Amino acid sequence: AKFQSERMVALDRENALLADLPSLKALMTSNDDKTIEDGAVEFWKVSGTDLFALADHDERIVAAYTGSSPADEPLREDLRSYISGAPSSYLVSGGRLFGCSVRPLYFGSQSAGTILGYVISGYAIDRQAVEQLSRATGVEASFISDRRLLATSLKPDLEKQVSGLQTPAALNQTEPFNVVLGGESYLSVVRVLSMNAKVPLRLVELKSLLQEERAIRQIDRIVL
């Protein structure tokens, strides 16, 4: 969770730098959708993010890009709901999960200026990203929304078994608990990332107890 939090802080910092660019602010003052959409491509490529979008001061999505192409209409609708909803670091759309940052674009100073629009940057949280997270922390991770597995670092043969954790009792656990997957024991922790009624999001972290036991035995041998 700490590793994920640090990545979100870095994303928010980068997005803040984008929101402060005079050239991006100048683009938003054109008030022309086609001009903004065309100009957004350059900022999207410079950002290097998996998701990039611009919204006007009415929170209407004017330009949105993900992967290597413009975002489809369902994602644009979800982005609109994301901006207007309660603040969140995550966006769930069409079975995809993004870590996101939203920053307002001001004409003038932040304290006395007027809002020109919003810039949204995000990175995809998919299997590759979660596996990277797992390697950095030594913990298996699974992101779950409404009992739907969005991304996990678990091996494919364990994905169905982790679905057994997606019960109201398990997902509402507030204390660590033990589970068995693939014949191996894990210490599990469920963290609530979003309480949005439509798209709740939880992170299930699994620490292999077998690996811990092996590490302890190795330390004991070294000490002996």
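Above: the structure in question.
Okay, so let's go over this structure. Every chain is numbered independently, its residues counted from 1 as its sequence is written. Under the rules for a predicted model, residues below a pLDDT of 70 receive no local features and side-chain atom pairs below 80 are neither given nor counted, while totals for whole chains, interfaces and linings still include all residues. Side-chain numbers come from the whole structure's heavy atoms, not from hydrogens or water.

Pairing is antiparallel across the open sheet formed by six strands, whose spatial order is β3-β2-β1-β6-β5-β4. Each end of this open sheet is capped by a strand with a single partner; those strands are β3 (69-70) and β4 (90-93). Strands in contact with helix α3 (residues 33-47) are β1 (51-56), β2 (61-66) and β3; relative to β2, the strand with the most contacts, it is inclined by about 35 degrees. What makes two strands pair is DSSP finding at least two bridges between them. Strands here mean DSSP runs of E at least two residues long; helices mean DSSP runs of H or I at least four residues long; both are numbered from the N terminus. By definition, residues are in contact when any of their heavy atoms lie within 4.5 Å. Interaxial angles span 0 to 180 degrees and are taken between N-to-C directions of axes, which are lines fitted to C-alpha atoms, for helices over the stretch in contact.

As defined here, a cavity is a set of points on a 1 Å grid over the protein atoms alone where a 1.4 Å probe fits but cannot get out. A pocket is an open set with protein on both sides within 12 Å along at least five of seven lines, and residues line them when an atom is within 4 Å of a point. Grid points are joined across faces, edges and corners, and a volume is the space filled by probe spheres set on the points. Approximately 380 Å³ is the volume found for the largest pocket. Considering the residues around the largest pocket, the lining is formed by 17 residues, among which S81, Y82, L91, N196 and V199 are closest to the centre. Of all the elements in the fold, those that place two or more residues in the lining of the largest pocket are α4 (73-84) and β4. Examining the composition of the lining of the largest pocket, we find that four residues originate from one element, β4, more than from any other. Polar here means any residue outside two lists: the nonpolar Ala, Val, Leu, Ile, Met, Phe, Trp, Tyr, Cys and Pro, and the charged Asp, Glu, Lys and Arg; Gly therefore counts as polar. A per-class count over the lining of the largest pocket returns eight nonpolar, seven polar and two charged.

Right, let's talk about the environment of A151 for a bit. Structurally, A151 can be placed in strand β8 (residues 148-152). In the structure, A151 is positioned 27 residues away from A124 in sequence and 9.9 Å away in space, judged by C-alpha atoms. If we skip the residues at most four places from it in the chain, A151 touches I125, D126, R127, V130, A141, S142 and F143.

Before going further, it helps to spend a moment on the pairing of strand β9 (residues 177-181). Residues F177, V179 and L181 line the buried face of β9, whereas the alternating positions N178 and V180 sit on a face that is not buried. Of the pairings in the sheet, the one linking β9 to strand β10 (residues 184-194) comprises five bridges and is antiparallel in character. The residue of β10 that forms the bridge with N178 is L187. Remark: two residues form the turn of the hairpin made by β9 and β10, two consecutive strands paired antiparallel; G182 in that turn has positive phi of roughly 60 degrees. To sort residues, take the accessible area from a 1.4 Å probe on protein chains only and compare it with the maximum for the residue type: under 20% means buried, over 50% means exposed, and anything in between is partly exposed.

Right, let's talk about the packing of aromatic side chains for a bit. Each aromatic pair joins two rings of Phe, Tyr and Trp (for Trp, the six-membered one) with centres within 6.5 Å, and gets the label stacked for planes under 30 degrees apart, edge-to-face for over 60, and tilted for any other angle. Using the criterion set out here, one finds one aromatic pair in the structure. The ring of Y123 has R7 lying over it, and the distance from NZ or CZ to the ring centre is 3.8 Å. A ring is scored as having a charge over it whenever the NZ atom of a lysine or the CZ atom of an arginine sits within 6 Å of its centre and within 35 degrees of its normal.

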